[in-house]
Amino acid sequence: MTKLNPFEVVQKQLDKCAKIIKLDSNVHEILRVPMRELHVSLPIRMDDGSIKVFQGFRVQYNDARGPTKGGIRFHPDETIDTVRALAAWMTWKCALLDLPLGGAKGGVICNPKQMSQGELERLSRAYINQVGQFIGPDKDIPAPDVYTNPQVMAWMMDEYSKIAGKNRFGVVTGKPLGVGGSAGRGDATARGGLHTVREAAKVCGIDLKKATIAVQGYGNAGYYAAYLAKTLFGSKIVAVSDTKGGIFSKGGLDPEAVREHKAKTGSVINFPNTKPISNEKLLELEVDILIPAALENVITGKNAPNIKAKIVAELANGPTTPEADDILYKNGVHVIPDFLCNAGGVTVSYFEMVQNFYMYYWSEKEVHERLKNKITAAYSSVLKASKEYNVNMRQAAYIVAVKRVAEAMKIRGWI
Ligand code: NAD
């Protein structure tokens, strides 16, 4: 099977949305391609004394609504088309959350698992040396993504500050707390997702105190989703999984105890008093809410007819294929699309930027409150558009986001 080119997928999604909203053809043409991209070569001194040259990218997709924002990915399979696609999705995600930001993404083709800390630090600093002129706190603000973390962000901020000759904390987000990070960033993605679940439960008439939930993936997104659903809603987490398999308990799991078990043994499997369950079966469980929080393309045309959950909350990016999407919609499953459901992370990243500009830091409680307001408003605007245009929640999210970007382009006189 030929692998889908992610950038072609992005263009197709936009074309579909453009047709529904009768988007101005000039706006459509501009939005089909990135505004700017930079390709760089990064010569790095490796620990054995040799020099290795890595390829890096930064793509600024559209900045009509404000400075661009998006993560930097270190990955051996990185391609410019993946970066372009992710930059486009960041544009829609920021617009949907009504953040005053455009979308961007960056990447370096490398395998961090085979690199020492010293090599990673030199690579992170070299990246900033090469793209430093292209980014900036009021221009384009990177963040962590796959295989980049708060430490990488701290090195990048430090390098940028050295070049600028002054502290420039606001140049990247997702930094450690001691150097301008924000309270509440750790669980922001799951917490934001659960706010959308709370709204969806109202629409579907589900009492969250009595609801059953299955979570696929038990990393940052999945663990916090399970933990917060139990502690905030009182819901019952009946199944969770990771790469090695899943566990099921009719009476409900203690998410914190499962996390400790995974930390000790490397997996959620074999947690006492649970039954084993495969990742495939977990998705088809008779539960109220299903939270895919691991990989893309897990709900397909094949298993979508067997999904019994009333709500699918996509914390993972791209867990549902377009074919599955249509089946779920036809079957009345309420899907909270990824770029709405998992937008809590970028929202708190935006709060981090604001705090860096102010040099005044908010309490965790303030961050939680502001996140709740932002993402709840975004959910309402998507629900409204889905009713107005009689489309599923994903198409509705595109409609809201693309309209906002198009409006900014028109107001600025680009069209
Ligand atoms: P993570 O690496 O912390 O955790 C991933 C989890 O998924 C692990 O428990 C892993 O064992 C599990 N997993 C991997 N392959 C699996 C498989 N085949 N079957 C079942 N489980 C599998 O990653 P994360 O940060 O939690 O991200 C998970 C998803 O959420 C990704 O799609 C990511 O893009 C998305 N997301 C995360 C954030 C965030 O802030 N962490 C933000 C937006 C989107």
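Note that the structure is predicted; figures quoted are calculated from it, not measured.

Taken in spatial order, the five strands of this open sheet run β1-β2-β4-β3-β5, and their pairing is mixed. Of all strands in the sheet, those bounded by a partner on one side alone are β1 (36-45) and β5 (140-144). Taken pair by pair, the neighbouring strands of this sheet meet at an average axis angle of 20 degrees, ignoring direction. Relative to β5, strand β3 (residues 68-75) runs parallel, the two sharing five bridges. The residue of β5 that forms the bridge with T68 is D140. Running over the sheet, helix α3 (residues 80-96) touches β1, β2 (51-62), β3 and β4 (102-109) and is turned about 155 degrees from β4.

Around the ligand sit 17 residues, and of these T189, Y218, N220, A221 and N317 come closest. One nitrogen or oxygen atom from the main chain of N220 is found 3.0 Å from an oxygen atom belonging to the ligand. L315 is positioned with one of its backbone polar atoms (N or O) 3.4 Å from an oxygen atom of the ligand. Notes on the ligand: free accessible area 820 Å², of which the protein chains cover 68%. Among the residues forming the shell around the ligand, the class breakdown is seven nonpolar, eight polar and two charged.

This part covers the state of the cysteines. Scanning the entire structure with this criterion turns up zero disulfides. Looking at C17, it has no disulfide partner, and the nearest cysteine sulfur is the one in C94, 17 Å off. According to the relative accessible area criterion, C17 is buried, its value standing at 3%.

In this section: the sheet that holds strand β10 (residues 289-292). Within a sheet, each strand pairs with its neighbour through backbone hydrogen bonds, oriented either parallel or antiparallel. The mixed open sheet is built from seven strands, whose spatial order is β9-β8-β7-β6-β10-β11-β12. Unpaired on one side and paired on the other, β9 (275-277) and β12 (334-336) mark the two borders of the sheet. In this sheet, neighbouring strand axes are inclined to one another by 20 degrees on average, regardless of whether the strands run parallel or antiparallel. Pairing geometry for strand β6 (residues 212-216) and β10, over four bridges, is parallel.

Position of Y398 among the secondary structure elements: in helix α14 (residues 393-411). For the pair Y398 and W92, spaced 306 residues apart in the sequence, the C-alpha separation amounts to 6.9 Å. Here Y398 is in contact with Q13, C17, W89, W92, F339 and K403, once residues within four sequence places are set aside. Here W89 takes part through its side chain, which lies 3.1 Å from a polar atom of the side chain of Y398.

Here we come to the pattern of salt bridges. This structure, assessed with the given rule, holds 26 salt bridges. Of the charged contacts, one joins R32 and D15 as a salt bridge, the two residues approaching to 3.0 Å between their closest N and O atoms. Placement of the pair is R32 in the loop between α2 (25-31) and β1 and D15 in helix α1 (residues 6-21), with a sequence separation of 17 residues. Overall, the relative accessible area of 29% leaves R32 in the partly exposed class. In this structure, a network of salt bridges that share partners links the residues E121, R125, D158, E159 and K162.

For the pair helix α13 (residues 364-389) and α14, interaxial distance at closest approach is 8 Å and the crossing angle is 105 degrees. It follows that α13 is roughly perpendicular to α14 by the angle criterion. Taken together, the residues of α14 that come into contact with α13 (itself represented by Y379, S381, V382, L383, A385, S386 and Y389) are M393, A396, A397, I399, V400, K403 and R404. Tallied by class, residues from the contact of α13 with α14 come to 10 nonpolar, two polar and two charged.

The rules behind each value
- Residues numbered from 1 in each chain as written.
- Predicted model: local features only at pLDDT ≥ 70, side-chain atom pairs only at ≥ 80, totals over all residues.
- Heavy atoms only, no water.
- Pairing = 2+ DSSP bridges.
- Helix = DSSP H or I, 4+ residues; strand = E, 2+ residues; numbered from the N terminus.
- Axes fitted to C-alpha atoms, helices over the stretch in contact; angles between N-to-C directions.
- Contact = heavy atoms within 4.5 Å.
- Near = heavy atom within 4 Å.
- Polar contact = N/O pair within 3.5 Å; in protein donor to acceptor, adjacent residues only side chain to side chain.
- Areas by Shrake-Rupley, 256 points an atom, 1.4 Å probe, with all protein chains shown as cover.
- Nonpolar A, V, L, I, M, F, W, Y, C, P; charged D, E, K, R; others polar.
- Disulfide = S-S within 2.5 Å.
- Buried < 20%, exposed > 50% of the residue type's maximum accessible area, 1.4 Å probe, protein only.
- Salt bridge = Lys/Arg side-chain N within 4 Å of Asp/Glu carboxyl O.
- Parallel < 35°, antiparallel > 145°, perpendicular 65-115°, else oblique.

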